[in-house]
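Breakdown of the fold
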Amino acid sequence: MRPFLLGVLGCSLVLSVQAFYSASDDVVVLTPSNFNKEVIQSDSLWLVEFYAPWCGHCQHLTPDWKKAATALKGIVKVGAVDADQHKSLGGQYGVRGFPTIKIFGANKNKPEDYQGGRSSQAIVDGAMNSLRTLVKERLSGKSGGSGYMNFNLEPEWAAAASAVKEQTKGKVRLGAVDATVHQAVSSRYGIRGFPTIKVFRKGEEPEDYQGGRSRGDIIERALDLFSDHAATPELLEILSEDLFKKTCEDSQLCVIGVLPHILDTGAAGRNGYLEVMKKMSEKYKKKMWGWLWTEAGAQMELEASLGIGGFGYPAMAAINTRKMKFALLRGSFSETGIHEFLRELSVGRGSTATLGGGNMPKIHTVEPWDGNDGQLPVEEDYDLSDVDLDDDFDKDEL
């Protein structure tokens, strides 16, 4: 019976944790996807609790927090963030313990720590005191926030801007507007709080950015937006040194397939391998990698620098020409095998080696494949009439 009772207790605990706040409460459930719109862009005073479901003090606070929210309905907004689930949001506001209560008043970028009691009456009193202060500031003209990015976002935004520009080759850019200077722009797009992030796409109405505020969150969202409209990278045959350099030097990684000789596969077999590579280039298009292929034996120095030459076709390598490093596909030349290979590389794993002793291999200028089956070389006919043959040649030997 013990395992069964333990399972029941565990299930009951999960249900109670998930039932902290619901849509029927007057407490607004806040997440990274709605926090900016609900709190930052709001003119209202907000009291926000940052909690963790496993925190005993948070569980004790819940009924009083709900009562306070009901009492303040229509006067002061009351919200709650599961900071254990949404760590980026808690980290943005320096939350280190639970529960933490923040007051988002005149300057939404710099919320104040709530220092009052934890009963419903104490929470309401604290909210009303903050509201009176906010009203006095507005009457005196002192309230109004800054159009600059807050301290937490500015370095993250700057770092993300550089990374996004590089990874999308300048096709996605991050910008900033001082809304206190350019008030017409701020008014045009309905900006009420700072910082507000908007996404602008060509030919479409701007939309509110929905995502985290860390460098990684911003980069990931920008690349997702880019990949939605990005063209699939072109798969090119290595025909010259200029083509090779342009493709590989402009990309973080260059994926190269070395395919069997056309006489070994025919056009159908080669097209099958090329189709696999095209599907993978589509799957990884937001990485902005270069994609190349060559026929076995056409670029011998390249094969030698990758340790491929002479056998084991088809083969594949991923090259980082900036670091002069490469990695070889060890699995099958298939969608599954290549996906596993590239997935490991994209997260920084996988075995790498130095490319050609640290020097770029020589790339030869070759004719492009014509798309047809290969033709065996034509054998020359030799005239043997003038050739003297040994008389013994015609004699039968036992």
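What you see is a predicted model, and the numbers here were worked out from it, not measured in a lab.

Let us look at the overall build of the protein. Secondary structure assignment for the protein yields 12 helices and 13 strands. Looking at the 398 residues of the protein, the share that counts as buried comes to 40%. Residue pairs in contact within the protein that sit at least 24 positions apart in sequence constitute 74% of those at least 6 positions apart. Entry remark: accessible area of the protein is about 23,500 Å², with carbon and sulfur atoms responsible for 51%.

Within the open sheet, the 6 strands sit side by side as E8-E10-E9-E11-E12-E13. Their pairing is mixed. Single-partner strands in this sheet number two, and they are strand E8 (235-237) and strand E13 (353-354). Bridge count for strand E11 (residues 315-320) against strand E12 (residues 325-328) is 4 bridges, and the pairing is antiparallel. Note on E12: the bridge partner recorded for Ala317 is Leu328. Strands in contact with helix H10 (residues 262-283) are E8, strand E9 (254-259), strand E10 (290-295) and E11; relative to E10, the strand with the most contacts, it is inclined by about 170 degrees. Sheet contacts for helix H12 (residues 335-346): E9, E10, E11 and E12; angle to E11, the most-contacted strand, approximately 15 degrees.

We now examine helix H9 (residues 241-249). Within the sequence span of H9, burial applies to Phe244, Thr247 and Cys248. All buried residues of H9 fall inside an arc of 90 degrees around its axis, so they share one side. Facing away from the buried surface of H9 by more than 90 degrees, the exposed residues are Asp242 and Lys246. Among the structural elements, E8, E9, E10, helix H11 (300-306) and E11 are those in contact with the buried residues of H9.

Tyr21, Val27, Leu47, Trp65, Val76 and Ile123 are the most contacted members of the largest nonpolar core, which has 25 residues in total. Elements with a contribution of two residues or more to this core: strand E2 (46-51), helix H3 (56-71), strand E3 (77-82), strand E4 (100-104) and helix H5 (120-140). Once residues within four sequence positions are removed from consideration, Val27 is found in contact with Tyr21, Ser22, Trp65, Lys66, Ala69, Val78, Gly79 and Ala80. By size, the runner-up hydrophobic cluster in this structure holds 21 residues, among which are Val255, Trp293, Ala318 and Ala327.

The tally for this structure, following the rule as stated, stands at 1 disulfide. For Cys248, the disulfide goes to Cys254, at an S-S distance of 2.2 Å. The disulfide joining Cys248 to Cys254 has a torsion of about -65 degrees about its S-S bond and is therefore left-handed. On the basis of relative accessibility, which here comes to 0%, the residue Cys254 falls in the buried class.

Another aspect to go through is the pairing of E4. Burial analysis of E4 places 5 of its 5 residues in the buried class, the great majority of the element. Burial of the side chains of E4 extends over both faces: Thr100, Lys102 and Phe104 are buried on one face and Ile101 and Ile103 on the other. Direction of pairing for E2 relative to E4: antiparallel, over a ladder of 5 bridges. Bridged to Leu47 within E4 is Ile103. Bridge count for E4 against strand E5 (residues 112-113) is 2 bridges, and the pairing is antiparallel. Bridge assignment links Ile103 to a residue of E5, and that residue is Glu112.

Between H3 and H5, whose axes approach to 8 Å, the crossing angle comes to 45 degrees. Between H3 and H5, the crossing angle belongs to the class labelled oblique. The chirality of how H3 crosses H5 is right-handed. Contacts between H3 and H5 involve Leu61, Asp64, Trp65, Lys67, Ala68 and Ala71 on the former and, on the latter, Ser120, Ile123 and Val124. Here the contact of H3 with H5 is composed, by residue class, of 6 nonpolar, 1 polar and 2 charged.

The rules behind these values
Residues numbered from 1 in each chain as written. Predicted model: local features only at pLDDT ≥ 70, side-chain atom pairs only at ≥ 80, totals over all residues. Heavy atoms only, no water. Helix = DSSP H or I, 4+ residues; strand = E, 2+ residues; numbered from the N terminus. Buried < 20%, exposed > 50% of the residue type's maximum accessible area, 1.4 Å probe, protein only. Contact = heavy atoms within 4.5 Å. Areas by Shrake-Rupley, 256 points an atom, 1.4 Å probe, with all protein chains shown as cover. Pairing = 2+ DSSP bridges. Axes fitted to C-alpha atoms, helices over the stretch in contact; angles between N-to-C directions. Arc of directions from axis to C-beta. Core = buried A, V, L, I, M, F, W, Y, C linked by side-chain atoms within 4.5 Å. Disulfide = S-S within 2.5 Å. Parallel < 35°, antiparallel > 145°, perpendicular 65-115°, else oblique. Left-handed = near helix turned anticlockwise from the far one by under 90°. Nonpolar A, V, L, I, M, F, W, Y, C, P; charged D, E, K, R; others polar.

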